[in-house]
Amino acid sequence: LSRSMAIGGGSPSVLVLTVRLFGQDEDGNDRRYADLRQKDKARVDAIQRHERTWENDHQHMCVFSRKCVRTVEPNRDGSLSPCLPCRAVLHSSRFRAILAIEMPQPDNFRYINICFNPRYVRLRLQIWLTEPHFQDPENILLRFIRGVLAGQFDDEKVFFGLLEAMVQSKDREARGVGRQNFQFAPEWDEFVQITSTYVIVHSISP
């Protein structure tokens with residue numbers, strides 16, 4: 001648990017669930033989680049949570065079965081054993097497969113999903129910022145990243161909505177994917193609608 005912030009496991013990935021729920025697109029390709037609307041992503045996330053077979057307790061560094069009976073069995077030597085459902089998690093093939101995954105090398109931290117391992121991503125980012133080409137105090141990217149790490153942009157939802165749209169757009173461009181079904185963050189959509197309304201009102205005002 002020290003290397004993962006996932007709150008549980010044992011359920012299918014969001015990629016598998018996306019195909020299960022939404023099938024294929026008009027071109028016959030499996031639908032991608034990244035291309036779903038926010039409400040559809042929320043639906044996939046909810047199903048994934050409900051299908052988890054175990055929960056991770058990071059505070060006490062323990063793993064519990066979702067079917068835990070909340071009782072323990074005393075052994076002859078006085079020690080305590082987990083209940084049968086919790087022991088079943090330990091012996092499950094999916095749980096053991098996850099345990100067998102090795103810790104990524106530092107250079108691969110950038111590929112870790114920040115939803116599951118924000119501590120390692122933050123650590124790698126801080127190390128990255130010490131490299132020579134980031135020592136210019138006027139570097140706008142450096143100033144922005146330091147501001148993000150300091151929490152200065154936590155409430156800038158409209159800005160991050162635009163940033164998310166730009167990143168997704170460039171990602172699609174790099175993969176040769178069109179912009180059909182492209183979804184903007186709700187905060188950015190709301191900002192654009194308000195701005196458009198303001199422009200229209202003032203353009204027709206005498």
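Structure shown above.
Model, not experiment: these values are computed from the prediction. (Residues numbered from 1 in each chain as written. Predicted model: local features only at pLDDT ≥ 70, side-chain atom pairs only at ≥ 80, totals over all residues. Heavy atoms only, no water.)

A. Quick peek at the overall build of the protein chain. The helix and strand inventory of the protein chain stands at eight helices and five strands. In sequence order, the protein chain lays out its α and β elements as β-α-α-β-β-β-β-α-α-α-α-α-α. Going through the 206 residues of the protein chain one by one, you find that 20% of them count as buried. Here the contacts in the protein chain between residues at least 6 apart in sequence split such that 44% fall between residues at least 24 apart. With an accessible surface of roughly 15100 Å², the protein chain has 57% of that area assigned to carbon and sulfur atoms. (Helix = DSSP H or I, 4+ residues; strand = E, 2+ residues; numbered from the N terminus. Buried < 20%, exposed > 50% of the residue type's maximum accessible area, 1.4 Å probe, protein only. Contact = heavy atoms within 4.5 Å. Areas by Shrake-Rupley, 256 points an atom, 1.4 Å probe, with all protein chains shown as cover.)

B. Highlighting the side chain of Ser-11. Among the secondary structure elements, Ser-11 is positioned in the loop between strand E1 (8–9) and helix H1 (14–22). Since its relative accessible area comes to 14%, Ser-11 is described here as buried. At a separation of 3.2 Å, a polar atom in the side chain of Ser-11 contacts the main-chain carbonyl oxygen of Gln-48. Once residues within four sequence positions are removed from consideration, Ser-11 is found in contact with Gln-48, Glu-51, Arg-52 and Arg-94. (Polar contact = N/O pair within 3.5 Å; in protein donor to acceptor, adjacent residues only side chain to side chain.)

C. Representation of the packing of aromatic side chains. Inspection of the entire model under this criterion finds two aromatic pairs. Ring geometry for Trp-54 versus Phe-95: centroids 5.1 Å apart, planes at 85°, classification edge-to-face. With Trp-54 in strand E2 (residues 54–57) and Phe-95 in helix H4 (residues 93–99), this pair connects stretches of sequence that are 41 residues apart. Ring geometry for Phe-144 versus Phe-153: centroids 5.1 Å apart, planes at 65°, classification edge-to-face. According to the relative accessible area criterion, Phe-144 is partly exposed, its value standing at 22%. In this structure, Lys-41 packs its charged tip against the face of Tyr-33, placed 5.6 Å from the ring centre. (Phe/Tyr/Trp six-rings, centres within 6.5 Å; stacked < 30°, edge-to-face > 60°. Lys NZ or Arg CZ within 6 Å of the ring centre and 35° of its normal.)

D. The packing of H1 against helix H2 (residues 38–50), seen in detail. Where H1 meets H2, the closest approach of the two axes is 10 Å, and the angle between their N-to-C directions is 115°. Put simply, H1 runs roughly perpendicular to H2. Where H1 crosses over H2, the two elements pack in a sense that is right-handed. Contacts between H1 and H2 involve Val-14, Leu-17, Thr-18, Arg-20, Leu-21 and Phe-22 from the first element and Asp-40, Arg-43, Val-44, Asp-45, Ile-47 and Gln-48 from the second. (Axes fitted to C-alpha atoms, helices over the stretch in contact; angles between N-to-C directions. Parallel < 35°, antiparallel > 145°, perpendicular 65-115°, else oblique. Left-handed = near helix turned anticlockwise from the far one by under 90°.)

E. Layout of the pairing of E2. Alternating positions in E2 separate cleanly, Trp-54 and Asn-56 being buried on one face and Glu-55 and Asp-57 remaining unburied on the opposite face. Of the pairings in the sheet, the one linking E1 to E2 comprises two bridges and is antiparallel in character. Bridge pairing links Gly-8 to Glu-55 in E2. Alignment of E2 against strand E3 (residues 62–65), held across four bridges, turns out to be antiparallel. (Pairing = 2+ DSSP bridges.)

F. Local environment of helix H6 (residues 140–149). What H6 keeps buried is the set Leu-142, Ile-145 and Gly-147. Trailing H6 by a residue or two, Gly-151 shows a phi angle of about 80°, which is positive.

G. Examining the environment of Ser-92 more closely. Looking at the secondary structure, you find Ser-92 in the loop between helix H3 (84–91) and H4. In this structure the C-alpha to C-alpha distance between Ser-92 and Gly-10, which are 82 residues apart in sequence, comes to 9.2 Å. Side-chain polar atoms of Ser-92 contact the backbone oxygen of Val-89, separated by 2.8 Å. Within the local environment of Ser-92, its side chain forms a polar contact with the backbone nitrogen of Phe-95, the two atoms lying 3.3 Å apart.

H. Just the sheet that holds E3, in detail. The strand order across the open sheet built from three strands is E1-E2-E3, with neighbouring strands paired in antiparallel fashion. Of all strands in the sheet, those bounded by a partner on one side alone are E1 and E3. Across the sheet, H3 is in contact with E2 and E3; its angle to E3 comes to roughly 115°.

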